[in-house]
Amino acid sequence: MISGTITISDVLEAQRLHRSTAVRWCYAISGITALIGALAYFHFDQEIGFVSSCAGIGGTLGEFIYSRTYIPWKVRRIYKQQKDFASPFTYTWNSEFIEAQGICGQSKRAWKNYAKFKENENIFLLYHADNIFEMLPKNWFGNEGQLDEFRRFASRSNEV
């Protein structure tokens, strides 16, 4: 069993993990676009090369600014709107199910019903669908054994 309260930093960490693949793709595509633009500038057509390079640099800067300003602002706003976050949640699990209980309700869900699972050094995300997830901060776990057991059961969702 684990229990805890979700903080603003937990929600921000969850959003960063959730967006991590898209952010990597954005930076990769922007970088490639800038590189192709630079090559085009020197070897093909300066105007096309300049525009392509600016597009790549703009994509990189746009994502950086978006993730450093808009996302934290939006997380603070959502956190204030979602009053349930201020109340403690309790999770229990076994090899078949995970159960959650909070001040506004409870749920029981089979591990196999999760669409996918992600984690980083601070948080677990259990996905109901591509854009709907539950977050469980790792600091709620009492020991490494609990983390390993949870990870083992949660990783079954990736076997779909």
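That block above? That's the structure.
If you're wondering where the values come from, they're calculated on a predicted model, not measured in any experiment.

Caption draft 1: Geometry of the sheet that holds strand β5 (residues 116–119). Across the sheet, which stays open at both edges, the three strands sit in the order β5-β6-β7 with antiparallel pairing between neighbours. Each of the sheet's edge strands pairs with one partner strand only, and the pair in question is β5 and β7 (132–137). When the angles between neighbouring strand axes are averaged without regard to direction, this sheet yields 20°. In the sheet, β5 pairs with strand β6 (residues 123–129) via four bridges, with the strands oriented antiparallel.

Caption draft 2: Seen up close, the nonpolar core. Formed by 32 residues in total, the largest nonpolar core has its most connected members in Y91, W93, I98, W111, L126, M135 and F150. Broken down by element, the residue count for this core peaks at five residues, all from β6. Setting aside anything within four residues of it in sequence, one finds F150 in contact with W93, I98, W111, F124, L126, L136 and F141.

Caption draft 3: Summary view of helix α2 (residues 46–81). With 36 residues, α2 extends 50 Å from end C-alpha to end C-alpha; this agrees with the ideal 52 Å at 1.5 Å per step. Maximum bend of α2: about 35°, positioned at Y66. All buried positions along α2 are accounted for by G49, S53, G56, E63, S67, I71, P72, V75 and Y79. The backbone nitrogen of E47 lies 2.8 Å from a side-chain oxygen of the residue at the head of α2, namely D45.

Caption draft 4: The arrangement of the pattern of salt bridges in detail. Summed over the entire model, instances satisfying the criterion amount to four salt bridges. With its nearest N and O atoms 2.5 Å apart, the salt bridge here joins K138 to E119. Of this pair, K138 sits in the loop between β7 and α3 (144–154) while E119 sits in strand β5, placing them 19 residues apart in sequence. One salt bridge in this structure joins R151 and D148, with 2.8 Å as the shortest N-O distance. Of this pair, R151 and D148 both sit in helix α3, three residues apart, which is roughly one turn of that helix. By sharing partners, the salt bridges in this structure join E119, K138, D148 and R151 into a single network.

Cut-offs used in this document
Residues numbered from 1 in each chain as written. Predicted model: local features only at pLDDT ≥ 70, side-chain atom pairs only at ≥ 80, totals over all residues. Heavy atoms only, no water. Pairing = 2+ DSSP bridges. Helix = DSSP H or I, 4+ residues; strand = E, 2+ residues; numbered from the N terminus. Axes fitted to C-alpha atoms, helices over the stretch in contact; angles between N-to-C directions. Core = buried A, V, L, I, M, F, W, Y, C linked by side-chain atoms within 4.5 Å. Buried < 20%, exposed > 50% of the residue type's maximum accessible area, 1.4 Å probe, protein only. Contact = heavy atoms within 4.5 Å. Expected span 1.5 Å × (residues − 1). Bend = angle between axes of the 7 residues up to and from the residue. Polar contact = N/O pair within 3.5 Å; in protein donor to acceptor, adjacent residues only side chain to side chain. Salt bridge = Lys/Arg side-chain N within 4 Å of Asp/Glu carboxyl O.

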